[in-house]
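Chain and residue survey
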Amino acid sequence: MTTTSPIGIFDSGVGGTTVWKEISKQLPNEQVIYLADSKNAPYGEQKPEEIIRLSCKNTEFLIEKGCKIIVVACNTATTAAIATLRQKYDIPFIGIEPAIKPAASLTDTNRVGILATKGTLSSALFHRTADLHAKNIEIVEQRGDGLVELIEAGETNSEKTFALLKKYINPMIEKNIDCLVLGCTHYPYLIPQLKKILPASVKIIDSGEAVARQTKHILEKSSLLNTSDTKPINFCYTNYKTHLLQDFINKLELNTRVEFLEF
Ligand code: DGL
């Protein structure tokens, strides 16, 4: 492992590209290898043991590709598998968790909404974080059932997605939330639709930027930061339809060609 080794990022599918985008802004000279396990999405509906198995498989692929750090760009995989991954592999891991702490310090109504997968909301790690950082705050939890599937199908702007979002968000608005935490890396793609539903006073918070900051910090601390100024060539693999992931990559201007790979 050297400073020029790549950063490995994986997600159950296309959502982790929103984290990759933040990493590319803060670490433009780092090479990235992105792995989208779309064939097995959504992780949120799987049993924790299965999420751990899939996360190990993704990790081993990225280690074989020579990555120096692994970003688990999936809240569901982080909550279920990060402890096992850290125990099993000798490489730094960065996980992503719903941004409860920043939301707790921003709320005036003391009511924070969180939209996340079933896997994340039912995990012990999520409840520990919520208990720790939001003691006097009411957390209004909402499972985003069906949203990951719609985003994976490229339906970020469809009527169907809008109707489902309204069904999930309206009861939160009625409960007077003033912050909405996006607890799934797929959901930032829904921000334009969410803005049409939420009052302008409700802040939308996601963790992508914080994860990129933490990635930079750990690379610096481990003397693994790439200080060269050559533009990197990134790699991006999916085990499902390449054109779907390619559309997301193009939208975020990540300048990478998606390759199909059976894994
Ligand atoms: N992007 C994943 C997350 O952050 C989606 C989970 C899923 O596949 O259900 O939770």
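Structural data are supplied above this passage.
In this report, the structure presented in the accompanying data block is examined.

Reading the values: the criteria
Residues numbered from 1 in each chain as written. Predicted model: local features only at pLDDT ≥ 70, side-chain atom pairs only at ≥ 80, totals over all residues. Heavy atoms only, no water. Helix = DSSP H or I, 4+ residues; strand = E, 2+ residues; numbered from the N terminus. Rg over C-alpha atoms; globule rule 2.2 N^0.38 Å. Buried < 20%, exposed > 50% of the residue type's maximum accessible area, 1.4 Å probe, protein only. Contact = heavy atoms within 4.5 Å. Areas by Shrake-Rupley, 256 points an atom, 1.4 Å probe, with all protein chains shown as cover. Lys, Arg positive; Asp, Glu negative; His and termini not counted. Charge placed at Lys NZ, Arg CZ, Asp CG, Glu CD. Pairing = 2+ DSSP bridges. Right-handed = clockwise from strand over helix to strand, strands pointing away. Axes fitted to C-alpha atoms, helices over the stretch in contact; angles between N-to-C directions. Parallel < 35°, antiparallel > 145°, perpendicular 65-115°, else oblique. Left-handed = near helix turned anticlockwise from the far one by under 90°. Nonpolar A, V, L, I, M, F, W, Y, C, P; charged D, E, K, R; others polar. Near = heavy atom within 4 Å. Polar contact = N/O pair within 3.5 Å; in protein donor to acceptor, adjacent residues only side chain to side chain. Phe/Tyr/Trp six-rings, centres within 6.5 Å; stacked < 30°, edge-to-face > 60°.

What to know about the overall build of the chain
If you tally the helices and strands in the chain, you get eleven helices and ten strands. Taken against the 2.2 N^0.38 rule, which gives 18 Å for 263 residues, the C-alpha radius of gyration of the chain at 18 Å falls within 12% of a compact globule. Seen along its three principal axes, the alpha-carbon backbone of the chain occupies a region of about 50 × 35 × 35 Å. Taken over 263 residues, the chain has a buried fraction of 54%. Within the chain, residue pairs in contact and separated by at least 24 positions form 75% of the contacts whose partners lie at least 6 positions apart. For the chain, the accessible area works out to roughly 12000 Å², and carbon and sulfur atoms hold 50% of it. Counting 30 positive and 30 negative side-chain charges, the chain places the centres of these two groups 1 Å from one another.

Let's talk about the pairing of strand β1 (residues 7-11)
The element β1 is extensively covered by neighbouring structure, given that five of its five residues are classed as buried. Residues Ile7, Ile9 and Asp11 point to one face of β1 and Gly8 and Phe10 to the other, with burial holding for every one of them. For β1 and strand β2 (residues 32-36), the ladder comprises five bridges, and the chain directions are parallel. What sits directly across from Asp11, in β2, is Ala36. Between β1 and its parallel partner β2, the chain crosses via helix α1 (residues 17-26), and the hand of that crossover is right-handed.

Side note on the packing of α1 against helix α10 (residues 208-221)
Look at α1 against α10: their axes get within 8 Å of each other, and the N-to-C directions meet at 50°. By the criterion of interaxial angle, the relationship of α1 to α10 is oblique. At the point where α1 passes α10, the crossing takes the right-handed sense. Residues Val19, Glu22, Ile23 and Gln26 of α1 lie in contact with α10, whose contacting residues are Gly208, Glu209, Val211, Ala212, Arg213, Thr215 and Lys216. The residue makeup of the contact of α1 with α10, split by class, is four nonpolar, three polar and four charged.

Observations regarding the site of the ligand
Taken together, 13 residues form the shell around the ligand, and within it Ser12, Tyr43, Gly44, Thr76 and Thr185 come nearest. Within the backbone of Asn75, one N or O atom sits 2.8 Å away from an oxygen atom of the ligand. Thr76 places a polar side-chain atom, nitrogen or oxygen, 2.6 Å from an oxygen atom of the ligand. Taken by itself the ligand offers 300 Å² of open surface, and the protein chains cover 99% of this.

A look at the environment of Lys68
Structurally, the position occupied by Lys68 is in the loop between α2 (48-64) and β3 (69-72). Residue Lys68 is classed as buried on the basis of its relative accessible area, which comes to 0%. Taking C-alpha positions, Lys68 is 8.6 Å from Thr4, a pair spaced 64 residues apart along the chain. At 2.6 Å, the side chain of Lys68 forms a polar contact with the side chain of Glu30.

Quick notes on the packing of aromatic side chains
Aromatic ring pairs: the centre-centre distance and the angle between the two ring planes describe each pair. Taken as a whole and assessed by the stated rule, the structure comprises five aromatic pairs. When the centroid spacing of 5.6 Å and the interplanar angle of 80° are considered together, the rings of Phe61 and Tyr237 count as edge-to-face. On the criterion of sequence distance, the pair formed by Phe61 in helix α2 and Tyr237 in strand β9 (residues 235-238) is long-range, its members being 176 residues apart. Overall, the relative accessible area of 7% leaves Tyr237 in the buried class. Taken together, the aromatic side chains of Phe61, Tyr237 and Phe263 make up a single cluster linked through ring pairs.

Focus on helix α11 (residues 242-251)
Residues Leu244, Leu245, Gln246, Phe248 and Ile249 constitute the buried set of α11. At the exit of α11 stands Glu253, carrying a positive phi of roughly 55°.

Some words on the pairing of β2
Every regular strand shows the same layout, with side chains that alternate between the two sheet faces. Among the five residues in β2, five count as buried, and that is most of the element. Residue alternation in β2 divides its side chains into two sets, Val32, Tyr34 and Ala36 and Ile33 and Leu35, and both sets are buried. In this structure, β2 lies alongside β9, joined through four bridges in parallel fashion. Counted as the bridge partner of Leu35 is Tyr237 from β9.

Re the sheet that holds strand β5 (residues 111-116)
Strand order in this open sheet of four strands is β6-β5-β7-β8, and the pairing throughout is parallel. Two strands bound the open sheet, and with one partner strand each, they are β6 (138-143) and β8 (203-205). Mean inter-strand twist for the sheet, computed between neighbouring axes without regard to direction, equals 20°. Bridge count between β5 and strand β7 (residues 179-183): five bridges; the pairing is parallel. Within β7, the position partnered with Leu115 by the bridge is Leu182.

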